[in-house]
Amino acid sequence: MRRVAQVVHVLPEKAEDYRRLHREVPEAVLDRLRRCHIANYSIHLLGDRLFGYFEYHGEDLAADLAAMAADPATHDWWRLTSPCQQPVDEAAPGEWWAAMEQVFLME
């Protein structure tokens, strides 16, 4: 299992829209996450930053993320959520949710 933590800005004027959207995530989007071997996915908000965490239980994260990006329901969902977000300054070129380094784990 691989732990993945990511961060992105939420636009202050869109924070409430983002909260509202996530109160009723479409089942097709949730199903795609599960089929891509993603579990325990959560998103947290602090100020203007969203922190996302999930556990990946597959063998090829890049391939599963590509399958997710090609999924029509997920693509429609991102068309709603993406206008609420902006990459953080630390994001690599082309990266939307910036990957975070794990510096501690208590098991």
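The preceding data block contains the structure.
Per chain, residues are indexed from 1 in the order of the written sequence. With pLDDT at 70 or above as the cut-off, local features in this predicted model cover only qualifying residues; side-chain atom pairs require 80 or more to be listed or tallied, and sums for whole chains, interfaces and linings still use all residues. The side-chain quantities take in all heavy atoms of the structure and omit both hydrogens and water.

Let's talk about the packing of aromatic side chains
What counts as a ring pair is set by centres within 6.5 Å for rings of Phe, Tyr and Trp (its six-membered ring), and what kind of pair is set by the plane angle: stacked under 30 degrees, edge-to-face over 60, tilted for all other angles. Following the criterion strictly, the structure yields one aromatic pair and no others. Taking 5.6 Å as the distance between ring centres and 80 degrees as the angle between the ring planes, the aromatic pair formed by Tyr-41 and Phe-54 counts as edge-to-face. Highlighted residues: Tyr-41 in strand S2 (residues 38–46) and Phe-54 in strand S3 (residues 49–56), separated in sequence by 13 residues. Given the relative accessible area of 35%, Tyr-41 is considered partly exposed. In DSSP terms, a helix is any run of H or I states spanning at least four residues, a strand is any run of E spanning at least two, and both are numbered starting from the N terminus. Accessibility here uses a 1.4 Å probe with only protein chains present; expressed as a share of the type maximum, an area under 20% marks a residue as buried, one over 50% as exposed, and anything in between as partly exposed.

Details of the side chain of Arg-32
Tracing the sequence through the fold places Arg-32 in helix H2 (residues 27–35). Taking relative accessible area as the criterion, Arg-32 reaches 15% and is therefore assigned buried. When checking whether two residues touch, look at their non-hydrogen atoms; a contact exists if any pair is within 4.5 Å. Non-local contacts of Arg-32, meaning those with residues more than four positions away in its chain, are made with Ala-67, Met-68, Asp-71 and Thr-74.

Comments concerning a nonpolar patch on the surface
A cluster of nonpolar side chains, contributed by Val-103, Phe-104 and Met-106, occupies part of the molecular surface with about 430 Å² of accessible area. Looking at where Phe-104 falls in the secondary structure, it is placed in the segment after strand S5 (98–99). Like charges within 9 Å and nonpolar side chains (Val, Leu, Ile, Met, Phe, Trp, Tyr) within 5 Å are joined into patches, using only residues over 30% in relative accessible area that form no salt bridge. Exposure was quantified through the Shrake-Rupley algorithm and a 1.4 Å probe, taking into account, for residues, occlusion by the shown protein chains and nothing else. Throughout this description, the term salt bridge denotes a Lys or Arg side-chain nitrogen within 4 Å of a carboxyl oxygen of Asp or Glu.

Some words on the environment of His-75
Mapped onto the secondary structure, His-75 falls in helix H4 (residues 72–81). Once the C-alpha coordinates of His-75 and Val-29 are considered, the two residues, 46 residues apart in sequence, prove to be 9.0 Å apart.

Thoughts on the layout of surface pockets
The computed volume of the largest pocket comes to approximately 970 Å³. Each cavity reported here is a set of points on a 1 Å grid over the protein atoms alone in which a 1.4 Å probe fits but cannot get out, each pocket an open set with protein on both sides within 12 Å along at least five of seven lines, and each lining residue one with an atom within 4 Å of a point. As for the largest pocket, its lining consists of 39 residues, and the residues nearest its centre are Gln-6, Leu-33, Tyr-41, Phe-54 and Trp-97. Of the residues forming the lining of the largest pocket, the biggest block, six residues, is contributed by S2. Polarity classes work like this: nonpolar for Ala, Val, Leu, Ile, Met, Phe, Trp, Tyr, Cys and Pro, charged for Asp, Glu, Lys and Arg, and polar for all others, with Gly in that last group. Residues that form the lining of the largest pocket fall into these classes: 25 nonpolar, nine polar and five charged. Grid points are joined across faces, edges and corners, and a volume is the space filled by probe spheres set on the points.

Quick look at the nonpolar core
Of all hydrophobic cores here, the largest spans 10 residues; its members are Val-8, Val-10, Ala-15, Tyr-18, Leu-21, Val-29, Leu-50, Trp-77, Cys-84 and Trp-97. Elements supplying a minimum of two residues to this core: strand S1 (2–10) and helix H1 (15–23). Of all the elements, H1 adds the most residues to this core, at three residues. For Val-10, the residues in contact, after removing those within four places along its chain, are Ala-15, Tyr-18, Leu-45, Gly-47, Asp-48, Leu-50, Cys-84 and Gln-85. By nonpolar core we mean a set of buried residues, namely Ala, Val, Leu, Ile, Met, Phe, Trp, Tyr and Cys, connected to one another through side-chain atoms within 4.5 Å. Counting residues in each nonpolar core, the second largest holds eight residues, with Val-4, Phe-54, Leu-61 and Met-68 among its members.

Structural notes on unusual backbone geometry
Unusually for a residue other than glycine, His-37 sits at a positive phi of about 65 degrees. Tracing the backbone shows His-37 in the loop between H2 and S2. One non-glycine residue, Asn-40, adopts positive backbone phi at about 50 degrees. Mapped onto the elements, Asn-40 comes out in strand S2. The class of Asn-40 is exposed, set by a relative accessible area of 52%.

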